[in-house]
Amino acid sequence: MRTRTTTATTGLVTALAALLVLAGCTAPGDSRPAASSSVASVPAQSGGGSGFEGPRPQDQNLLAWTGDPNDAGHVTAQSSAGVGGRVTLVRIVLREQITWSNVWLGLAGIDPNAQLANCHLGVYDAKGTLVATTPDISPQLMTDAIAKPFALGKPFTAAPGTYFIALLLNGTWATNGLTLKSTGAGISVNAGLTPPNLRYSNLLTGQTSLPATVNLAEQSTSTINTGWASQWYAIS
């Protein structure tokens, strides 16, 4: 009888201990931590993800850009007869509200003998309204072939949405002297797009200043398709 009692008692204790473990508890006097359930051991999933998402404008103290400047290895060159007096537009989409003070341009080369005047950068909204412009930037296009900011005459609050950075050049220069940094996309830059939403386009002729409004439905690729395309810009 003693042997049977001992065996029965031992079996009962073992079964009770097993139940306590399954319930996430510990047996009396047991200092080991309770076993975690399989559900609790699954790490929570992050909604946004934390993987590498590539370079961002903020990494270089900028607010937005048309693309990573590390990819702006190509150079666009166009004759003054082909570009002078035309408004070149580059679309940029803002995802958040910013205070827009400068337009950055990648100036790849200069022509020391150029005769420049009435050259401007500006910003049009999605309706074609000029919301900001620079003074004449001709002197700055004659020095320092680097990426550099061009200050708008007055900073403005830019709500999220679509904008067009406008460039107007006037004067004479050597075709391969005055050059801008861009991607190598060429005529493929507007793949899948039509006016008034072309990513790169040109408008008008004979302009000496940026007009107060432009008709974006009249966007053309006449100059873009000849090589004056995909200029790199950034915002600060």
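Per chain, residues are indexed from 1 in the order of the written sequence. Local features in this predicted model are restricted to residues whose pLDDT is 70 or higher, and side-chain atom pairs enter the listing and the counts only when it is 80 or higher, whereas totals over whole chains, interfaces and linings include all residues. Values reported for side chains reflect all heavy atoms of the structure, with hydrogen atoms and water molecules removed beforehand.

**Digging into the nonpolar core**
Proteins that are soluble and globular tend to have nonpolar side chains buried together. Nonpolar cores were defined as sets of buried Ala, Val, Leu, Ile, Met, Phe, Trp, Tyr and Cys residues, with membership established by side-chain atoms within 4.5 Å. Only protein chains enter the accessibility calculation, which uses a 1.4 Å probe; a residue is then buried when its area is under 20% of its type maximum, exposed when over 50%, and partly exposed in between. Of all hydrophobic cores here, the largest spans 36 residues; its most connected members are Trp100, Leu121 and Leu169. Going along the chain from the N terminus, every DSSP run of H or I of four or more residues is numbered as a helix, and every run of E of two or more is numbered as a strand. Secondary structure elements with two or more residues in this core: strand E3 (87-94), strand E4 (98-109), strand E6 (120-125), strand E8 (147-158), strand E9 (161-168) and strand E13 (233-235). In terms of residue count, E4 provides more of this core than any other element does, five residues in total. Throughout, a residue-residue contact means that at least one pair of heavy atoms, one from each residue, lies within 4.5 Å. Ignoring sequence-local partners within four residues, the contact set of Leu121 consists of Val103, Leu105, Thr133, Thr134, Ile137, Phe150, Ile165, Ala166, Leu167, Leu210 and Tyr233. Leu89, Ala166, Val214 and Leu216 belong to the second largest nonpolar core, which has 10 residues in total.

**Observations concerning the packing of aromatic side chains**
Pairing of aromatic rings covers Phe, Tyr and the six-membered ring of Trp, with a centre-to-centre limit of 6.5 Å; geometry is then stacked below 30 degrees between planes, edge-to-face above 60, and tilted otherwise. Within this structure, the stated rule accounts for three aromatic pairs. Ring geometry for Phe156 versus Tyr163: centroids 6.5 Å apart, planes at 55 degrees, classification tilted. Look at Phe156 and you get buried, because its relative accessible area is 13%. For Tyr163, a relative accessible area of 9% corresponds to the buried category.

**Description of unusual backbone geometry**
For the bond running from Pro195 to Pro196, omega is 10 degrees, close enough to zero to count as cis. Summarising the element assignment, Pro196 is placed in the loop between strand E11 (179-182) and strand E12 (200-203). Phi is positive for Asn61, close to 60 degrees, though the residue is something other than glycine. Residue position: Asn61 is located in the loop between helix H1 (2-22) and strand E1 (64-65). Even without a glycine there, the phi angle at Leu204 is positive, about 65 degrees. Looking at the element boundaries, Leu204 is found in the loop between E12 and E13.

**Observations concerning the confidence of the model for the protein**
In this model, the protein carries a mean pLDDT of 83, and residues with pLDDT of at least 70 account for 78%. pLDDT gives the predictor's per-residue confidence on a scale running from 0 to 100. Across residues 1-48 the pLDDT falls below 50, and counting only partners more than four positions away or on other chains, this stretch makes 12 contacts in the model.

**Here we look at the side chain of Ser80**
Among the structural elements, Ser80 can be located in helix H2 (residues 80-83). Excluding its chain neighbours within four sequence positions, the residues that come into contact with Ser80 are Gly171, Thr172 and Trp173.

**Structural notes on the sheet that holds E9**
Strand order in this open sheet of five strands is E7-E6-E9-E3-E12, and the pairing throughout is antiparallel. What marks the edges here is a single partner per strand, and that holds for strand E7 (130-133) and E12. Direction aside, the axes of adjacent strands within the sheet are offset by 30 degrees on average. When DSSP finds at least two bridges between two strands, those strands are taken to pair. Across three bridges, E6 lies against E7 in antiparallel orientation. A fitted line through C-alpha atoms serves as each axis, taken over the contacting stretch for helices, and the angle formed by two N-to-C directions is quoted from 0 to 180°.

**Comments concerning the pairing of E11**
Relative to E11, strand E2 (residues 74-76) runs antiparallel, the two being bridged by three bridges. Bridge pairing in E11 links Thr76 to Leu180. With two bridges connecting them, E4 and E11 associate as antiparallel partners. Within E11, the residue paired with Leu107 across the bridge is Leu180.

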